[in-house]
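# Breakdown of the fold
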Amino acid sequence: MQSEKKFTDFTVTAMNRIIAPSMLSADFGHLERDTRMIDASAAQWVHIDVMDGVFVPNISFGFPVMKPIRRATSKLLDVHLMIVDPERYVERFVEEGADLVTFHQEATSDPMGCIERIRKAGARVGISIKPATGVETLCDLLPYVDLVLVMSVEPGFGGQSFIEGSLAKISQLRKMIREQGLDTIIEVDGGISARNARAVYDAGADALVAGSAVFKAEDPAAEIVRILEA
Ligand code: DX5
Ligand code: ZN
């Protein structure tokens, strides 16, 4: 039995899967409409992908996009920073409404400093690893974070295929978390759909990010339920 994890106002258990639709795949001409649609759906979190064109070969959006999203939902804002030196900007994302700020372990030379800044600013802390980064690199940091985000595609773009090797990483991470007696949440991001969601949850994930699977669906709210019940 997985232990219960308190996370803001949500209790995550093995029976309580989390889904975080990624706004990267939303229609930016109708950002408020798309955020309200997620707000009214069964999704518990809203995932926001920030890219700087340096850490990843793509640029998405930054601070100005936070406000309209924050205004249109009271759900947990899960901000995924794909930027170098994230410690420079984490406070500002919390000011703009982030409840959870996740940075990349590969993007900073001072992960502990980054963790402390996010916590001091009042948000939950997540750390993420790219597909080529081993979970063992997080061993010493695990006690200080609320969540680990395992990238199951190369960060930078939506719509890529899930890397199957991620399943073994998720199981290994789940084992590490258990061995350290922690209740760290595992989130998985990239190539998630109703077809593979069960396998990813079964490998030990608590929260799944889904961008194109949700927003390209004819009925996004129904697709969210399909992923949650996969
Ligand atoms: C990719 C982003 C993802 C992306 C997922 O770098 O971190 O959150 O939006 O998109 P899909 O679900 O389409 O793979
Ligand atoms: Zn993401």
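A short tour of the structure in this document, coming up. (Residues numbered from 1 in each chain as written. Chains lettered and ligands numbered in written order. Predicted model: local features only at pLDDT ≥ 70, side-chain atom pairs only at ≥ 80, totals over all residues. Heavy atoms only, no water.)

For the rest of this paragraph, the subject is the overall build of the protein chain. Summing up its helical and strand segments, the protein chain has 8 helices and 10 strands in all. Taking 17 Å as the expected radius of gyration for a compact globule of 230 residues, we find that the protein chain reaches 16 Å, a close match to that expectation. Here the protein chain holds 230 residues, and 57% of them are scored as buried. On the protein chain, roughly 10000 Å² of surface is accessible, and the fraction owed to carbon and sulfur atoms is 50%. Averaged over its 24 positive side-chain charges, the protein chain has a centre that lies 2 Å from the centre of its 33 negative ones. (Helix = DSSP H or I, 4+ residues; strand = E, 2+ residues; numbered from the N terminus. Rg over C-alpha atoms; globule rule 2.2 N^0.38 Å. Buried < 20%, exposed > 50% of the residue type's maximum accessible area, 1.4 Å probe, protein only. Areas by Shrake-Rupley, 256 points an atom, 1.4 Å probe, with all protein chains shown as cover. Lys, Arg positive; Asp, Glu negative; His and termini not counted. Charge placed at Lys NZ, Arg CZ, Asp CG, Glu CD.)

For the structure shown, the criterion picks out 12 salt bridges. A salt bridge links Asp 34 to Arg 33; the shortest N-O distance between them is 3.0 Å. Under the relative-accessibility criterion, Asp 34 is labelled buried at 7%. Take Arg 33: its relative accessible area is 48%, and that puts it in the partly exposed class. For Arg 124, the salt bridge identified is with Asp 146, shortest N-O distance 3.8 Å. One end of the pair, Arg 124, is in strand S7 (residues 124-129); the other, Asp 146, is in the loop between S7 and strand S8 (147-151), and 22 residues separate them in sequence. Since its relative accessible area comes to 16%, Asp 146 is described here as buried. A cluster of three or more residues bridged by salt bridges with shared partners is formed by Asp 27, Arg 33 and Asp 34. (Salt bridge = Lys/Arg side-chain N within 4 Å of Asp/Glu carboxyl O.)

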